[in-house]
Amino acid sequence: MSSHLNAPPTRDERARAEPAPATSEIEPARRAAHTQHVTTSQAASSSRVLGIQRNTLALGAICLASLMFGLEISSVPVILPTLEHVLHGDFKGMQWIMNAYTLAVTTVLMATGTLADRFGRRKVFVIGIALFGVTSLICGLAQSVPTLIAARLLQGASGGAMLICQVAVLSHQFSSGPERARAFSAWGIIFGIGLGFGPIIGAMIVAVSGWQWVFWVHALLAAVTLMLVFGGVQESRDPHAHTLDIAGIVTLSLAVFGLVYFITQVPDLGLMNRRALFILVATALAFVAFLCAEKFNVRPMFDFSVFRIPQFSGALMGSAGMNFSFWPFMIYLPIYFQIALGYDSVDAGVALLAYTLPTLLFPPLGERLIVRYGSGIAIPVGLLTIAVGFLLMRFGSSAAHPGVASMLPGCIVAGAGLGLTNTPVTNTTTAAVPAQRAGMASGIDMSARMITLAINIALMGAILVGGILFHLKLNLPNTFGPAELGSLAQKIAAGNLSAIRTEAPAFAQIDASGSLVHAALMRGFGWVMLYGGVGVAVLAVLSFVISGRGSRRLENAETQQAARCDSC
């Protein structure tokens with residue numbers, strides 16, 4: 001003990017005076033550190049399945065699902081001539097084999113997007129994949145055109161559910177940074193592979209086995225996709241989606257179905273036909289009911305406020321533009337190659353690679369454009385490239401001796417334009433809204449695509465028939481009536497030359513060499529190519545007007561921010 005009252009305590013005294021650390025304070029800290037270590041170890045182990053990252057498995061499932069959806073769109077058109085012969089169909093039946101699929105996809109997109117937000121995107125994804133595999137089996141078992149059309153409706157509904165969940169799962173599981181960009185690029189490339197190689201795959205399947213396997217192959221792919229989903233995809237939902245907008249789902253589905261059905265039926269029925277007018281009025285009433293339902297719903301499935309976001313609205317013009325010309329034209333392009341140029345199904349599939357293969361190569365460049373210039377510049381540039389490609393195809397088809405060589409530049413440029421547009425559009429529409437509304441945003445995006453696709457399948461078919469009919473009227477005598485000429489035009493558009501010889505012997509005698517049929521077909525395709533080029537160019541301008549200024553303002557703001565940082 002120190003002898004002086006104010007002397008500092010000795011080391012022993014200090015040691016005795018300082019309270020010992022309480023065990024109750026040390027143990028919780030140790031337990032917390034141990035718990036954190038265990039939790040981290042469990043998280044690390046739970047993020048891997050059989051040594052593979054869960055995100056890798058999830059991306060594999062999404063890409064395989066996109067491959068199936070892409071193959072189903074692009075492999076079927078090249079086998080339509082085979083289906084027409086085997087199932088004894090006609091031009092309208094072949095149109096409906098494609099339209100039934102796109103119509104069903106379009107009808108269910110917004111509804112399944114809302115269901116996915118409410119009940120879980122992984123759950124709806126699993127249901128969609130399983131149903132897609134089952135309905136693909138049913139399609140392959142069809143023995144008539146009506147049966148196949150009904151099966152395609154079911155397949156399209158399940159495909160729409162599968163498609164909408166792909167984008168929503170991507171947006172949730174890959175939420176930010178370079179990983180998101182890589183995931184969307186991979187999705188766009190694989191989707192492009194399905195679309196790009198679908199024609200040649202479909203043609204080869206028909207040549208090697210039978211047309212049924214064009215559908216049955218998806219049953220096998222669906223089983224593999226389901227295993228990847230269970231191994232890697234996380235469940236996600238909108239935490240605020242406590243109620244389901246039943247009124248919105250029903251009224252919007254009816255309005256979309258009525259619109260597409262009216263457009264596909266009005267060429268046959270006529271605008272003033274009672275049935276056509278009834279469909280039009282019922283569609284308008286359903287749409288008005290939908291607007292009312294969304295206005296009075298506390299949490300509507302369709303949030304109209306997203307259209308105030310320039311990037312989102314501009315990207316929607318890109319969604320419509322890609323399906324305004326590129327994809328609907330691919331349904332008719334095999335007819336051009338097989339009937340106008342005399343190719344068989346395999347050669348036509350190979351020729352279609354010039355049209356679809358560039359869609360695989362240009363998505364990375366599209367991502368660079370959107371990073372460098374913004375979506376308001378990148379998307380219009382992609383759309384204008386598609387327009388230039390269609391105008392080049394139009395020029396190539398009018399050559400003295402049209403062939404693949406004369407069509408090749410336009411096909412390549414149009415495919416490159418789609419590759420530049422597709423991934424930026426998808427990434428922009430989902431990134432422009434809050435993450436919890438990813439299902440709704442992807443639903444609007446895919447609805448715009450599918451509605452435009454279904455409408456333009458019908459419109460391009462009508463324009464093709466109209467161009468052929470116009471040429472026949474100019475070059476045939478007045479002995480042929482309007483009904484007979486219309487029937488001839490539809491058979492030529494479908495490439496059904498054998499039916500022309502048996503059902504229209506008078507015409508076959510006048511055009512024994514087939515030169516008139518060939519010239520009429522070229523006239524019709526020229527009209528279609530011009531329509532596609534001009535239409536997508538208009539949408540490119542609209543996209544730039546809506547979102548181009550926003551991109552420039554964003555770029556200027558970033559430049560000013562960088563300048564302020566440099567001056568600090």
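Everything quoted here is computed from the prediction, not taken from an experiment.

A. Examining the side chain of Ser319 more closely. Mapped onto the fold, Ser319 is located in helix 11 (residues 310-340). Since its relative accessible area comes to 0%, Ser319 is described here as buried. Residues within four places of Ser319 in sequence aside, it is in contact with Val425, Asp445, Ala448 and Arg449.

B. Structural detail: the environment of Ala378. Along the polypeptide, Ala378 turns up in helix 15 (residues 375-397). Owing to a relative accessible area of 2%, Ala378 belongs among the buried residues under this scheme. As for Ala378 and Leu365, which are separated by 13 residues in sequence, their C-alpha atoms are 9.8 Å apart.

C. Highlighting the nonpolar core. Grouped together as the largest cluster of nonpolar side chains are 134 residues, with contacts concentrated most on Phe329, Tyr336, Tyr355, Leu472 and Phe507. With 17 residues, helix 3 (residues 54-86) is the single largest residue contributor to this core. Once residues within four sequence positions are removed from consideration, Leu472 is found in contact with Leu485, Leu488, Ala489, Ile492, Phe507, Leu516 and Ala520. In terms of nonpolar packing, the next biggest core, distinct from the first, is built from 12 residues, Met110, Leu252, Leu316 and Ile444 among them.

D. Here's a closer look at a nonpolar patch on the surface. A cluster of nonpolar side chains, contributed by Leu391, Leu530, Val534, Val538, Leu542 and Ile546, occupies part of the molecular surface with about 480 Å² of accessible area. Per-element accounting of the nonpolar patch gives the leading share, 5 residues, to helix 21 (residues 515-567). Among the structural elements, Val534 can be located in helix 21.

Basis of the calculations
- Residues numbered from 1 in each chain as written.
- Predicted model: local features only at pLDDT ≥ 70, side-chain atom pairs only at ≥ 80, totals over all residues.
- Heavy atoms only, no water.
- Helix = DSSP H or I, 4+ residues; strand = E, 2+ residues; numbered from the N terminus.
- Buried < 20%, exposed > 50% of the residue type's maximum accessible area, 1.4 Å probe, protein only.
- Contact = heavy atoms within 4.5 Å.
- Core = buried A, V, L, I, M, F, W, Y, C linked by side-chain atoms within 4.5 Å.
- Patch = residues over 30% accessible without salt bridge, like charges linked within 9 Å, V, L, I, M, F, W, Y side chains within 5 Å.
- Areas by Shrake-Rupley, 256 points an atom, 1.4 Å probe, with all protein chains shown as cover.
- Salt bridge = Lys/Arg side-chain N within 4 Å of Asp/Glu carboxyl O.

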